[in-house]
Amino acid sequence: MNTPVTHYLDKEGVEYRLLPHSQPAKTIEEAARERGVDPQQMVKSILLRDMGGFHVLACVPGPAQVDPKKVRAMFGCRRMTCADASDVEKVTGLVIGTVAPIGLKRPLPVIFDHQITAHTLVNISSGDRMAGVELATDDLLVLCDPMFADICR
């Protein structure tokens, strides 16, 4: 299976393991079950936008929730909310539920919550609803060069 994220990883020469799903997952828990992994190892990528159209990709461990107020404070924005489905696709090139911090349509500021580094392997979306990707946390950090902050609720 070739996806936007696996294509990017192949191009960069990064080792990964494709984890196919038997059905599309609607939640982090379903995706973790499909992949046979701990939900804490999942990296959830949420696109946030401010009122002026500035976008940032906030990444937290699977079961956690992003706190837009904490992200907003980092960038000095007045208001920041989750981007809607059409905005997500337009900005990232991927649909909601398939967004990863790599392989995006265009560069974006990426913020990781510190908790993501607790595991040596992480799981990210593949850009396709029918698979995830497992890779070394260190490789992911090199590829997306994120900022770090406490951004969970």
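Overview of the structure. In this text, all values refer to a predicted model and were calculated from it rather than measured experimentally. (Residues numbered from 1 in each chain as written. Predicted model: local features only at pLDDT ≥ 70, side-chain atom pairs only at ≥ 80, totals over all residues. Heavy atoms only, no water.)

### Description of the pairing of strand β7 (residues 131-136)
And then number 1: Judged by how many residues are buried, β7 sits mostly within the fold: 5 of 6 residues are covered.
And then number 2: By the bridge criterion, 4 bridges tie strand β1 (residues 17-20) to β7 in an arrangement that is antiparallel. Bridge pairing links L19 to G132 in β7.
And then number 3: With 5 bridges connecting them, strand β6 (residues 121-125) and β7 associate as antiparallel partners. Bridging from a neighbouring strand, V122 pairs with L135 of β7.
And then number 4: Between the antiparallel neighbours β6 and β7 lie 5 residues, among them G127 with a positive phi of about 95°. (Buried < 20%, exposed > 50% of the residue type's maximum accessible area, 1.4 Å probe, protein only. Helix = DSSP H or I, 4+ residues; strand = E, 2+ residues; numbered from the N terminus. Pairing = 2+ DSSP bridges.)

### Section: the environment of F112
And then number 1: Following the sequence through the fold, F112 ends up in strand β5 (residues 110-113).
And then number 2: Given a relative accessible area of 0%, F112 falls into the buried group.
And then number 3: For F112 and L18, which are 94 residues apart along the polypeptide, the C-alpha to C-alpha distance reads 22 Å.
And then number 4: Look past the residues within four positions of F112 in its chain and what remains in contact with it is C59, P101, L140, L141, C144, P146, M147, F148, A149 and I151. (Contact = heavy atoms within 4.5 Å.)

### Observations regarding the pattern of salt bridges
And then number 1: Under the definition given, this model contains 3 salt bridges.
And then number 2: E134 serves as the salt-bridge partner of R17, at 3.0 Å between the closest nitrogen and oxygen. On the criterion of sequence distance, the pair formed by R17 in strand β1 and E134 in strand β7 is long-range, its members being 117 residues apart.
And then number 3: For R17, a relative accessible area of 44% gives the class partly exposed.
And then number 4: For E134, a relative accessible area of 11% gives the class buried.
And then number 5: The salt bridge partner of R49 is D87, with a shortest N-O separation of 3.0 Å. On the criterion of sequence distance, the pair formed by R49 in strand β2 (residues 43-50) and D87 in helix α4 (residues 85-92) is long-range, its members being 38 residues apart.
And then number 6: A relative accessible area of 29% places R49 in the partly exposed class.
And then number 7: The exposure class of D87 is buried, given its relative accessible area of 9%. (Salt bridge = Lys/Arg side-chain N within 4 Å of Asp/Glu carboxyl O.)

Keep in mind that these numbers describe shape and distance, not what the molecule does.
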